[in-house]
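Observations on the model geometry
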Amino acid sequence: MEGQRTCHGQAPLPVSTLSEPLLSGSDTKGADLATANDLEAAQLPTYGGASFSRTCLNLTNAVSGIGVLSMPYAVSQGGWASLALFALVGALCYYTGTLIERCMRADPDAIRSYPDIGEFAFGSGCRRAIAFFMYVELYLVAISFLVLEGDNLDKLFPGAAVEFLGCRLQGKQLFIALAAAVVLPTTWLKNLGVLAYVSAVGLVASAALTASLVWAGVAETGFHRSSTTVLNLGGLPTSLGLYFVCFTGHAVFPTIYSSMRNNKHFSKVLLVSSVLCSLNYGLTAVLGYMIYGDGVESQVTLNLPSGKLYTKVAIVMTLVNPLAKYALLAAPITAALEEKFKFSVPDGGSSGAARVAISTAVVVSTAVAACTVPFFGYLMSFIGSFLSVMATVIFPCLCFLKIYKAEGIRRTEIAAIIGILMVGVFVAVTGTYTSLQQIIATF
């Protein structure tokens, strides 16, 4: 029977530590899942019996992330015609999300997390590969959070400078250092439940950003469609990479699937979430590009005029999430390093001093990298092209084909999956090459 399958005839797989919840408790109503994207999948809380509407809200909140800030820039890179690719990326990511759901159904007892799918399909090697990509993506997005903080705080408080121990910190570097100092104590906490609740303001932040763009376009700047481009072939790889960032929630899907009262409706929840996120992303992209044209910044908040109320609101709301979510990103990295180097106390728990030392090293290293990375958009494009494509396209398609090939898959679906894989490989190769080339060129 389908529900009795095991991995290659072995005992059922252990539940991955990557699926352990941040928030404890058995309240079936619980709080909303608090993540920006798949990067917090390792730390999502699980609540049994979540209703359809609550699951829609949870999944929308999980998928919605800082990628929305780069949507106008993504359109400026590829031109208006690239919005067709945005729609295609959304459709592909929805379909690969349904593939993950079907992989989960292969053995619900054995598969509880994204790495579990990889091990069920290909063994422990694939589990390690998926975990590696997740941790690298966590680290890079932690860097992008600090870059975002530095850029936007410099916009909010231009010209700020401080002398510290004979060194002069100013502008972006100063605010990156301050942001790192603020988040550092939060990474020492063992229970990050409070931060998970705070980070749930992500949906409000997205709405505030869209409202600010409408305000800017109507009351201040106006809409200048003459300064836009219909199609820019050279910028399409960058656009595609940024579009994939917007739909990277796949690592969280197994957790949300397991939390549903009736997980047979997961595909409907996924469809509702995809449509809501697409509308938000698309509206922000169109408004931002129509207002600022080809001069739009990699973070559209940087284009908003200084000193305006709506600018301050948009920036403040944009900054709250990264500050709260940084600890959620660092937690699985810190835990993995603790396990790797076997920092533990005699009773089997983790050493507090080791956790503080490791998390401090992680924060410092990401702050140094953030001061070095010159351009937010290029970093996000690299994350989308290389890491997000692997999580949203490559892994789901390969795992599904391996798990279900013995039971038979329709030829039309196999052809479709192969086509999606080819698109994924193309985006991964061209987008990664282009983004790395752009990053190197700015040094």
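What counts and what doesn't
Here, residues in each chain are numbered from 1, in the same order as that chain's written sequence. In keeping with the predicted nature of the model, local features appear solely for residues at pLDDT of at least 70, side-chain atom pairs appear and are counted solely at 80 or more, and the whole-chain, interface and lining totals rest on all residues. The basis for every side-chain value is the complete set of non-hydrogen atoms in the structure, without hydrogens or water. Only DSSP runs of H or I reaching four residues or more are called helices, and only runs of E reaching two or more are called strands; each is numbered from the N terminus. For the exposure calls, accessible area comes from a 1.4 Å probe over protein chains only, and a residue counts as buried if that area is under 20% of its type's maximum, exposed if over 50%, partly exposed in between. Accessibility throughout is a Shrake-Rupley quantity obtained with a 1.4 Å probe, and a residue counts as covered only by protein chains that appear here. Pairing between strands is defined by DSSP: at least two bridges between the two strands are required. Think of a patch as exposed residues, more than 30% relative accessible area, with no salt bridge, where like charges cluster within 9 Å and nonpolar side chains (Val, Leu, Ile, Met, Phe, Trp, Tyr) cluster within 5 Å. We define a salt bridge as a side-chain nitrogen of Lys or Arg found within 4 Å of a carboxyl oxygen belonging to Asp or Glu. Every residue carries a pLDDT, the predictor's confidence in it, which falls somewhere between 0 and 100. Any pair of residues with heavy atoms lying within 4.5 Å of one another is described as a contacting pair. Working definition: a ring pair exists when centres of Phe, Tyr or Trp rings (six-membered ring for Trp) sit within 6.5 Å. Plane angles under 30 degrees give stacked, over 60 give edge-to-face, the rest tilted. Helix axes use the C-alpha atoms of the stretch in contact, all axes being lines fitted to C-alpha atoms, and the angles between their N-to-C directions lie in the range 0 to 180 degrees. These descriptions rest on fixed angle ranges, namely under 35 degrees for roughly parallel, over 145 for roughly antiparallel, 65 to 115 for roughly perpendicular, and the rest for oblique. Should the near helix be turned counterclockwise from the far one by less than a right angle, the crossing is left-handed, whereas a clockwise turn marks it as right-handed. Three residue categories are used. Nonpolar comprises Ala, Val, Leu, Ile, Met, Phe, Trp, Tyr, Cys and Pro, charged comprises Asp, Glu, Lys and Arg, and polar comprises the others, including Gly. For cavity detection a 1 Å grid was placed over the protein atoms alone, and a set of points counts as a cavity when a 1.4 Å probe fits there but cannot get out; an open set counts as a pocket when protein lies on both sides within 12 Å along at least five of seven lines, with lining residues being those that have an atom within 4 Å of a point. Grid points are joined across faces, edges and corners, and a volume is the space filled by probe spheres set on the points. A 3.5 Å cut-off defines polar contacts: any pair of N or O atoms within that distance qualifies, except that in protein one atom must be a possible hydrogen donor and the other a possible acceptor, and neighbouring residues in sequence count only when both atoms are side-chain atoms.

1. A closer look at the overall build of the protein
Counting its secondary structure elements, the protein contains 15 helices and 2 strands. Burial statistics for the protein: of 443 residues in total, 56% are counted as buried. For the protein, the exposed area adds up to about 18000 Å²; of that, 66% sits on carbon and sulfur atoms.

2. Description of the pairing of strand β2 (residues 167-170)
Pairing analysis gives 4 bridges linking strand β1 (residues 161-164) to β2, with the strands arranged antiparallel. Pairing of A161 across the sheet is with Q170, part of β2. Connecting β1 to the next strand, β2, in antiparallel fashion are 2 residues, including L165 with a positive phi near 55 degrees.

3. Concerning a nonpolar patch on the surface
A surface patch of nonpolar side chains, about 240 Å² in accessible area, is lined by F52, V272 and L276. As for its position among the elements, V272 is in helix α11 (residues 266-292). Of the residues examined, V272 reaches a relative accessible area of 32% and is grouped as partly exposed.

4. Section: the confidence of the model for the protein
When pLDDT is averaged along the protein, the result is 78, and 81% of the positions lie at 70 or above. Confidence drops under a pLDDT of 50 for residues 1-48, and excluding neighbours within four residues, the segment shows 139 contacts in the predicted structure.

5. So, the environment of T238
Relative to the helices and strands, T238 resides in helix α9 (residues 236-246). The exposure class assigned to T238 is buried, which follows from its relative accessible area of 0%. In this structure the C-alpha to C-alpha distance between T238 and S385, which are 147 residues apart in sequence, comes to 8.0 Å.

6. With respect to the packing of aromatic side chains
Under the defined criterion, the tally for this structure stands at 12 aromatic pairs. With a centroid separation of 4.9 Å and an interplanar angle of 55 degrees, the aromatic rings of W80 and Y289 are classed as tilted. Here W80 is found in the loop between α2 (71-78) and α3 (82-106), whereas its partner Y289 is found in helix α11, with 209 residues between them in sequence. Ring geometry for F133 against F395: centres 5.6 Å apart, planes inclined by 75 degrees, an arrangement best described as edge-to-face. Note that F133 is positioned in helix α5 (residues 124-156) and F395 in helix α14 (residues 376-404), a separation of 262 residues in sequence. With respect to class, F133 is no different from F395; both count as buried. Ring pairs connect the aromatic residues F132, F133, F382, F386 and F395, which therefore count as one cluster.

7. Some remarks on the packing of α2 against α9
Close contact between α2 and α9 brings their axes to 7 Å; oriented N to C, the two are set at 155 degrees. When the axes of α2 and α9 are compared, the pair comes out roughly antiparallel. Here α2 runs over α9; the crossing is left-handed. Side by side, α2 and α9 meet where M71, Y73, A74, V75, Q77 and G78 of the first sit next to L236, T238, S239, L242, Y243 and C246 of the second. Tallied by class, the residues present in the contact of α2 with α9 amount to 8 nonpolar, 4 polar and no charged.

8. A short note on the pattern of salt bridges
For the structure on display, the rule yields 5 salt bridges. Note that E119 is salt-bridged to R127, the shortest N-O span being 2.2 Å. With relative accessibility at 13%, the residue E119 sits in the buried group. The exposure class of R127 is buried, given its relative accessible area of 17%. Across the pair D151 and K172 runs a salt bridge, and its minimum N-O distance is 3.9 Å. Taken together, the positions of D151 in helix α5 and K172 in helix α6 (residues 171-187) put the pair 21 residues apart, joining distant regions of the chain. Comparing D151 with K172 shows no difference in burial state: the two are buried. Three or more residues are tied together by salt bridges with common partners; here these are D116, E119 and R127.

9. A look at empty space enclosed by the protein
All chains considered together, the criterion is met by 6 cavities of 30 Å³ or more. Volume-wise, the second largest cavity comes out at about 70 Å³. Around the second largest cavity, the lining residues are V63, C93, Y94, F247, G249, H250, F253, L270, S273, S274 and C277. Of all the secondary structure elements, the ones that give two or more residues to the lining of the second largest cavity are α3 and α11. Of the residues forming the lining of the second largest cavity, the biggest block, 4 residues, is contributed by α11. The residue makeup of the lining of the second largest cavity, split by class, is 7 nonpolar, 4 polar and no charged.

10. A closer look at the environment of G150
Among the structural elements, G150 can be located in helix α5. The spatial distance from the C-alpha of G150 to the C-alpha of A180 is 9.9 Å, given a sequence separation of 30 residues. Other than its neighbours up to four places away in sequence, G150 contacts K172, F175 and I176.

11. Side note on the side chain of N303
Inspection of the secondary structure assignment puts N303 in the loop between α11 and α12 (309-341). Polar side-chain contacts of N303 include one of 3.4 Å to the backbone oxygen of G295. A polar side-chain atom of N303 sits 2.6 Å from the main-chain amide nitrogen of E297. Not counting residues up to four positions away in its chain, the partners in contact with N303 are K155, Y292, G295, V296 and E297.

12. Observations concerning the layout of surface pockets
Within this model, the second largest pocket holds a volume of roughly 210 Å³. Lining the second largest pocket, in full, are V162, F164, C167, L169, L174, A177, L178 and A181. Counting only elements with at least two residues in the lining of the second largest pocket, the list comes to β1, β2 and α6. Residues that form the lining of the second largest pocket fall into these classes: 8 nonpolar, no polar and no charged.

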